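# Architecture and fold: a report
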Amino acid sequence: MNVTKKIMSKHLLAGRLEAGEEIGIRIDQTLTQDATGTVAYLQFEAMNIQKVKTKLSVSYVDHNTLQSGFESADDHKFLQTVATKYGIVFSPAGNGICHQVHLERFAIPGMSLIGSDSHTPTCGGMAMLAFGAGGLDVACAMAGQPFFIAMPKVVKVNLNGRLRDWVSAKDIILELLRTQSVKGGIGKVYEFDGDGVETLSVPERATITNMGTELGATTSIFSSDNITKDFLDKQGRGSCWTRIEADKNASYDEEITINLDTLEPLIAVPHMPDNVKKVKDLEGTKVDQVCVGSCTNSSLSDMLLISEVLKGKKINKNTDLVVSPGSRQIISMLSHSEALFNIVKSGARILESACGPCIGMGQAPKSGGISLRTFNRNFEGRSGTENAQVYLCSPETAIATALTGEITNPIEYFDVKPRIVLPNVFFVDDVQFQFPPIEPSKSEKVIKGPNIKSLDEFSELDNNLTGKIVLKVGDDISTDHILPAGAKILPLRSNLPEISKYTFSLIDKDFASRAMSTPNGVILGGDNYGQGSSREHAALAPRYLGIRVILVKSFARIHLANLINFGLVPLTFNNPSDYAKIKLGDEIKFEDIRNTIKYNGTLFAKTTNKIFKVVYDLTQRQKDTIFAGGLLNWIKSTT
Ligand code: MIC
Ligand code: SF4
């Protein structure tokens, strides 16, 4: 067996490990972050369960830490009190980015994890079976229910040889994005193997599994070997380690090979993570801002490398350099040595250990500005400046660029790469976490400030739907298009009526009011609809605005699950060319939709001058969820 199947078989509660079949997996650990966590815990509360049933659940505050009004602080207080009440570890603002902190302090090889954040596969760098999911799926896992997915194909990625100096793990994942695209990983797990694996540290592996999300993959995973043990030993957690490796004759569904020796520095150009070019082909492009950090590249070794390179140097006066170390552990280790001094002295700005600019929480570039980031997403408008041009690259390329002020190939610019020696023991200070009492007290009061609005109940699915096309969009629509993030909108995540007003606001400012005044609105989309983040608000808000059906060429995995969880009907074209024949404002009818789906019949959509076949691919469990008007309704009706 390969690593994926070894861990899956130990957690399998339903289904068979055959690609495409629905499987139910037992979940050992969950994580949430504040931007998705508030709704996840409101949903968990509605399930009336006394205490989480997982081995470990952690609630992180890392996204909305700017607190420019009372909203986010209200959310944080709610998260803190709900955690104490239900037996969840609370990691307050300033502790660091959920994925980095989880890797350091809680990840365990061979265990399963789901998180209400699409980059949860980061912990696959430590041989965890880790999935991004909607908040409601995480709430269900906390309630002890299995996590359902379609069994992915397992793709073996052979990493052969060794990276040259100044080429890094980020370039490996950018190379995969270049060849496989943002849709290439749909329905797949990427499992890394080959002699190159033993040259990569756990944080480097985590950079790769983190950004496997941008491939559309279900997850990505490495084996657990001596390097994993060394990382855990340094964290004082060596006793959690077990060796997990693929059998010699393990079989895989597909295979890809990357030769590390010949790889060169790569960069994703605006506005898609798979728009990858060679750094050397863009040399000389003037850059306004460089950001180092995010859950992709904010490890101690990334920080020590940039510190060594910046030592005694000054950044270019026309380029802003902002650095956000990934965790409190990292920032305390940097500040204990001269490493932080080197970074500060170079002219860089140091930010809190949080998501920050990655999610448009501050540091929006200037109008039309060019920003080079070590992050994982460069979707249009995500930086907070609608016409900014965001590029994604390695810390090596980012720092060479911050020094020169223009895109610079680190291989050409620097001499010998400094050797980064990590300390033998890391600063472990778990006092920063708030651990819940072993037996949570029923009297613990959950505090809900005015920013926390309870969720409305949604109605069941009718048998006949007559609606209108309220929006027509193209391929690769991300959840950042559907419901943008950023400093203005993110603090409204606990307030559905308010946040819904921003639905599709980057694409069509009138969408929300049009949808609200049109019964049974239908959204038309192209391929890979809903790629990117796990934010269930991208399903919740359209549903709140009255949308019932999303009709597209194909869906991204997490968003599809979220649509079903909130009772929307996800349909695809039988013949993709029908997409071109329907336009905004057309009336569209689905007659007998509920019964047709129930009895596996052929479903048709009728517009004024056309009838065409549409396809649904739903398990019985998913059908029942949609009929009930969403998963919460269904759970309530069955308990
Ligand atoms: C992101 O990177 O887009 C986020 C913000 O972390 C999201 C979650 C969210 O929207 O809250 C994600 O990746 O799932
Ligand atoms: Fe935070 Fe950015 Fe990572 Fe999302 S991708 S979890 S916003 S750092």
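Report follows, based on the coordinates. (Residues numbered from 1 in each chain as written. Chains lettered and ligands numbered in written order. Predicted model: local features only at pLDDT ≥ 70, side-chain atom pairs only at ≥ 80, totals over all residues. Heavy atoms only, no water.)

### Here's the deal with the overall build of the protein
For the protein, the helix and strand inventory stands at 22 helices and 26 strands. For 639 residues, the compact-globule estimate of 2.2 N^0.38 gives 26 Å, and the protein sits close to it at 24 Å. Relative to its 639 residues, the protein shows a buried fraction of 62%. Restricting to contacts in the protein with at least 6 residues of sequence separation, those with at least 24 account for 77%. With an accessible surface of roughly 22900 Å², the protein has 49% of that area assigned to carbon and sulfur atoms. (Helix = DSSP H or I, 4+ residues; strand = E, 2+ residues; numbered from the N terminus. Rg over C-alpha atoms; globule rule 2.2 N^0.38 Å. Buried < 20%, exposed > 50% of the residue type's maximum accessible area, 1.4 Å probe, protein only. Contact = heavy atoms within 4.5 Å. Areas by Shrake-Rupley, 256 points an atom, 1.4 Å probe, with all protein chains shown as cover.)

### Remarks on the site of ligand 2
If you check the shell around ligand 2, you find His63, His99, Asp117, His119, Ser294, Cys295, Cys355, Cys358, Ile359, Asn376 and Arg382 and nothing else. For the shell around ligand 2, the residue count by class is four nonpolar, five polar and two charged. (Near = heavy atom within 4 Å. Nonpolar A, V, L, I, M, F, W, Y, C, P; charged D, E, K, R; others polar.)

### Concerning the nonpolar core
With 76 residues, the main nonpolar core has Met8, Met47, Phe504, Phe511, Ile523, Tyr529 and Ile550 as its most contacted residues. The element contributing the most residues to this core is helix H5 (residues 135-142), with six residues. Those residues in contact with Tyr529 that sit more than four places away from it in its chain are Val473, Ile477, Ile482, Phe504, Ile523, Ile550, Val552, Ser554, Phe555, Ala556 and His559. Among the nonpolar cores identified, the runner-up in size contains 37 residues, and Val279, Leu305, Ile370 and Ala402 belong to it. (Core = buried A, V, L, I, M, F, W, Y, C linked by side-chain atoms within 4.5 Å.)

### Let's talk about helix H1 (residues 3-11)
Three or more residues of H1 are buried, namely Val3, Thr4, Ile7, Met8 and His11. The buried residues of H1 occupy one face: seen down the axis, they fall within an arc of 120°. (Arc of directions from axis to C-beta.)

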